[in-house]
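# Examining the three-dimensional arrangement
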Amino acid sequence: GIWQFMRSTARRCLKMNGSVDERNDPMRATVAAAKFLRSNYDMLKSWPLAVTGYNHGPSGVRRLTRKYKTRDIAELVDARHGRFRFASANFYASFLASVEVEKRANKFFKNPRWLLPLVGEEIRLSRSLPSSLILDWFNGGLEEAKLYNPHVRRNVWRKGGWLGRRNFLRLPFDQVKEARLAMSQFKSHKAKSGDRSYRVQSGETLSEIAMNFGVNLNLLKEINGIDNPRRVRAGQKLLLPLKE
């Protein structure tokens, strides 16, 4: 994503699973980046150090301040050593340069163009939904659906793909009411159309269940909102997708 989150850091406040990677959603990721910076500041009590900690890690920056007995970013840069090399040492200066370019874009670029705000509303999926239904809310426009939802993984948009429940979906305002209604109707329709449920037996794996019932493993994970297939437990109730 635009804020270059490592997976371990992103998992604190962003969702990553088989359906979505919220690091790729500019709005969600920006809020997460702001929270991370604020957390760094709470630890380091200095914005130059907090910004540097975004690249080097806040604990690493704190160790540097203790080792060199200074909280002055300029002195730390002059004394850089070991893992605190060019990228980390110059991260704050690069940040200031980026802010300056943003403020004075008309000076540095010829006729810069600014993207218009993406106006829409987020809804939380109460159940897994096929991409074919989701695309109906964009009048079948795949590119528009991707534009509104850059966090949704490519495999969801492929034929037969599903977006897992509990993930969010961003829609144009005029489609939200229709989407909520369609989602509720789809749930009742699927219940009547032959969806089956199954309780996991002791020692069974998700891949074994998929093989036994002749269903796609990834689809089985998606419609049950399972991120880690190793976490299924005996007695857990699974919804089995219809065979194609």
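A brief report on the enclosed structure follows. (Residues numbered from 1 in each chain as written. Predicted model: local features only at pLDDT ≥ 70, side-chain atom pairs only at ≥ 80, totals over all residues. Heavy atoms only, no water.)

### Some details on helix 13 (residues 206-213)
Put simply, the rule reads: The rule is simple: take the accessible area with a 1.4 Å probe, protein chains only, and divide by the maximum for that residue type; under 20% is buried, over 50% is exposed, in between is partly exposed. Every helix listed is a DSSP run of H or I at least four residues long, and every strand listed is a run of E at least two residues long, numbered separately from the N terminus. The arc in question is traced by the directions running from the helix axis to the C-beta atoms.
Burial in helix 13 covers these residues: Leu206, Ile209 and Ala210. Axial view of helix 13: buried residues confined to an arc of 100°, hence all on one face. When the buried face of helix 13 is taken as reference, the exposed residues oriented beyond 90 degrees from it are Met211 and Asn212. Gly214 sits one or two residues past helix 13 and shows a positive phi near 65°.

### Quick look at helix 3 (residues 47-56)
Let me state the cut-off plainly: The contact criterion used throughout is that any non-hydrogen atoms of two residues lie within 4.5 Å.
By the burial criterion, the buried members of helix 3 are Leu49, Ala50, Val51, Thr52, Gly53 and Tyr54. Next to the buried residues of helix 3 lie helix 2 (26-44), helix 4 (58-68), helix 5 (73-78), helix 6 (86-89) and helix 7 (91-103). Phi turns positive one or two residues past the end of helix 3, at Gly57, with a value near 95°.

### Structural notes on the packing of helix 3 against helix 7
What counts is decided by this rule: Axis definition: a line fitted to C-alpha atoms, limited for helices to the stretch in contact. Angles are taken between N-to-C directions and run from 0 to 180 degrees. When an angle is under 35 degrees it counts as roughly parallel; over 145 it counts as roughly antiparallel; between 65 and 115 it counts as roughly perpendicular; any other value is oblique. Gly counts as polar in this scheme, as do all residues outside two lists: the nonpolar Ala, Val, Leu, Ile, Met, Phe, Trp, Tyr, Cys and Pro, and the charged Asp, Glu, Lys and Arg.
At a minimum axis distance of 8 Å, the contact between helix 3 and helix 7 shows a crossing angle of 105°. Taken together, the axes of helix 3 and helix 7 are roughly perpendicular relative to one another. Counting all contacts with helix 3, which are made through Pro48, Val51, Thr52, Tyr54 and Asn55, the residues of helix 7 involved are Phe91, Tyr92 and Phe95. Its residues placed into classes, the contact of helix 3 with helix 7 shows 6 nonpolar, 2 polar and no charged.

### Let's talk about the packing of aromatic side chains
Which entries qualify depends on this criterion: To pair, rings of Phe, Tyr and Trp, with the six-membered ring standing in for Trp, must have centres within 6.5 Å; the planes then decide the type, stacked if under 30 degrees apart, edge-to-face if over 60, and tilted in the middle.
With the rule as written, the count across this model stands at 7 aromatic pairs. Consider the rings of Phe5 and Tyr54, whose centres lie 6.1 Å apart with planes at 50°: the pair is tilted. One end of the pair, Phe5, is in the segment before helix 1 (7-10); the other, Tyr54, is in helix 3, with 49 residues separating them in the sequence. As far as burial versus exposure is concerned, Phe5 and Tyr54 are alike and both buried. Relative to Tyr148, the ring of Phe138 has its centre 5.7 Å away and its plane inclined at 55°; by these criteria the two rings are tilted. On the criterion of sequence distance, the pair formed by Phe138 in the loop between helix 9 (131-136) and helix 10 (142-148) and Tyr148 in helix 10 is long-range, its members being 10 residues apart.

### Some details on the nonpolar core
What counts is decided by this rule: Put simply, buried Ala, Val, Leu, Ile, Met, Phe, Trp, Tyr and Cys residues joined by side-chain atoms within 4.5 Å make one nonpolar core.
Among the nonpolar cores identified, the biggest contains 25 residues, and Leu129, Ile134, Trp137, Leu163, Leu169 and Leu171 are the most heavily contacted of them. Looking at this core, the element that brings in the most residues is helix 12 (residues 176-192), giving 5 residues. In this structure, Leu169 is in contact with Glu121, Glu122, Ile123, Leu125, Ile134, Trp137, Asn149 and Leu163, ignoring residues within four places of it in sequence.

As far as function goes, none of this settles anything; it's purely spatial.
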